[in-house]
Amino acid sequence: MNGTALTTPELVRCVRAATLAPSLHNSQPWRFRLAFQAIEVYADRDRQLEVLDPDGRELLISVGAAIFTLRLALRRSGRIPELAMLPDADRPDLVAVVRPGRPAEPSAAVLDLADAIARRHTNRQPFRPEVVPADVIEELQEAARHEGAALAIAGAASRTIIASLGREAERRLRAQDGYYAEMNRWTRPMARRRDGIPAAAFGPWDALERMPMRDFGIVHPQRQRRAEEFENYPTIAVLSTSGDEPADWVRAGQALQRVLLSATSRHLATTPISQPVEIPSIREVLADRRSGRFAQLVIRLGYGPPAPVTPRRPISEVLQQNTT
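Residues numbered from 1 in each chain as written. Predicted model: local features only at pLDDT ≥ 70, side-chain atom pairs only at ≥ 80, totals over all residues. Heavy atoms only, no water.

1. Topic: the packing of helix α1 (residues 8-18) against helix α2 (residues 57-76)
- Two elements in contact, α1 and α2, have axes separated by 8 Å at closest approach and are oriented at 140°. The angle between α1 and α2 falls in the class oblique. For the pair α1 and α2, the crossing hand works out as right-handed. Contact residues: α1 offers Leu11, Cys14, Val15, Ala17 and Ala18, while α2 offers Ala66, Thr69, Leu70, Ala73 and Leu74.
- When its residues are assigned to classes, the contact of α1 with α2 shows nine nonpolar, one polar and no charged. (Axes fitted to C-alpha atoms, helices over the stretch in contact; angles between N-to-C directions. Helix = DSSP H or I, 4+ residues; strand = E, 2+ residues; numbered from the N terminus. Parallel < 35°, antiparallel > 145°, perpendicular 65-115°, else oblique. Left-handed = near helix turned anticlockwise from the far one by under 90°. Contact = heavy atoms within 4.5 Å. Nonpolar A, V, L, I, M, F, W, Y, C, P; charged D, E, K, R; others polar.)

Next comes the structure, spelled out in structure tokens:
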């Protein structure tokens, strides 16, 4: 492994991988800029969901997921990534600067995780009634810890409470002004659309209304709502951080993506569920006050059918190259 600089095509390839990260309603709220051997990562505030995410917390979680994916792509390219988070107070939309550091051969574990980038998709289908093994759960929890977050698996009682909170959050969200218009913005079919959630990825409605799955079909009455029974005993996890500032949200996003990719590499299906943390009073209930932790996202885990691919914007729309 030599110490020469990565070429521009190699850096662009890493940025392209980063754009495969998950984001709220597939809004893809990120921009990148190449500056010599540095990749600057920006929050794109024009893509913030004002109703669901008025403070930009979920936007920064999405950007954090892209940052982790960028780090992993650089690691697969044989470099130890160097990360500076929120490096410039005068440029609040500059979330991070990532540089390819010293050369290092990627391990088999890194390659396995990187291979999952293109295979990870949010799965809104019912999962099979199979238990996620304890060693896999431990691996996912370690993935969260590695990025400075915690992943708590809900027991039977907590699972019931979280599902109930999710349903109540969905009810309150629907009562907010602009909720339906915002959902329509990100689900409306348009020719050559490269963002948002296509109809194929909506998923069915839970026939027994136990699982707090977002019902994208409510803004498209012309589409027949398909109802199916979801799993009786879902594996539900709460991702949390010790703080609740912008840096913590970015950290949560990096932990989220590491968990999702680790799960994908273990052939698990995943569904980030955000409704319970989009209503402040309900999010407060999910917080672990004893340990001073803040809930950032709920994740559903299990074994399910393949999930459809969601579109991504072309690299030309998200990347500015300035290597002179």
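2. Comments concerning the layout of surface pockets
- Empty space within the largest pocket amounts to approximately 390 Å³.
- Considering the residues around the largest pocket, the lining is formed by 17 residues, among which Phe68, Leu72, Val110, Leu113 and Arg258 are closest to the centre.
- If you list the elements that add at least two residues to the lining of the largest pocket, you get α2, β3 (79-85), α3 (108-115), α4 (134-146) and α7 (246-265).
- Counted by class, the lining of the largest pocket contains eight nonpolar, three polar and six charged residues.
- Its boundaries defined by the atoms lining it, the second largest pocket holds a volume of some 340 Å³. (1 Å grid on protein atoms, 1.4 Å probe; cavity = no way out; pocket = protein on both sides within 12 Å on 5 of 7 lines; lining within 4 Å. Points joined across faces, edges and corners; volume = space filled by probe spheres on them.)

3. A few points about empty space enclosed by the protein
- Evaluated as defined, the whole model comprises two cavities of 30 Å³ or more.
- Reported here for the largest cavity is a volume of approximately 480 Å³.
- If you trace the largest cavity, you find 30 residues lining it, with Ser23, His25, Thr122, Arg124 and Pro272 closest to the centre.
- Elements that contribute at least two residues to the lining of the largest cavity include exactly α2 and β9 (269-273).
- For the lining of the largest cavity, the element with the most residues is α2, which contributes four residues.
- Of the residues in the lining of the largest cavity, the class split is 15 nonpolar, ten polar and five charged.
- Each pocket or cavity is described by its volume, and for the second largest cavity that value is around 30 Å³.
- For the lining of the second largest cavity, the class distribution of residues is three nonpolar, four polar and one charged.

4. Focus: the packing of aromatic side chains
- Under the defined criterion, the tally for this structure stands at two aromatic pairs.
- For the ring pair Tyr179 and Tyr180, a centre distance of 5.5 Å and an interplane angle of 85° mean the geometry is edge-to-face.
- For Tyr179, a relative accessible area of 1% corresponds to the buried category.
- Geometry around Phe127 places Arg300 over its ring, the cationic atom sitting 3.5 Å from the centre. (Phe/Tyr/Trp six-rings, centres within 6.5 Å; stacked < 30°, edge-to-face > 60°. Buried < 20%, exposed > 50% of the residue type's maximum accessible area, 1.4 Å probe, protein only. Lys NZ or Arg CZ within 6 Å of the ring centre and 35° of its normal.)

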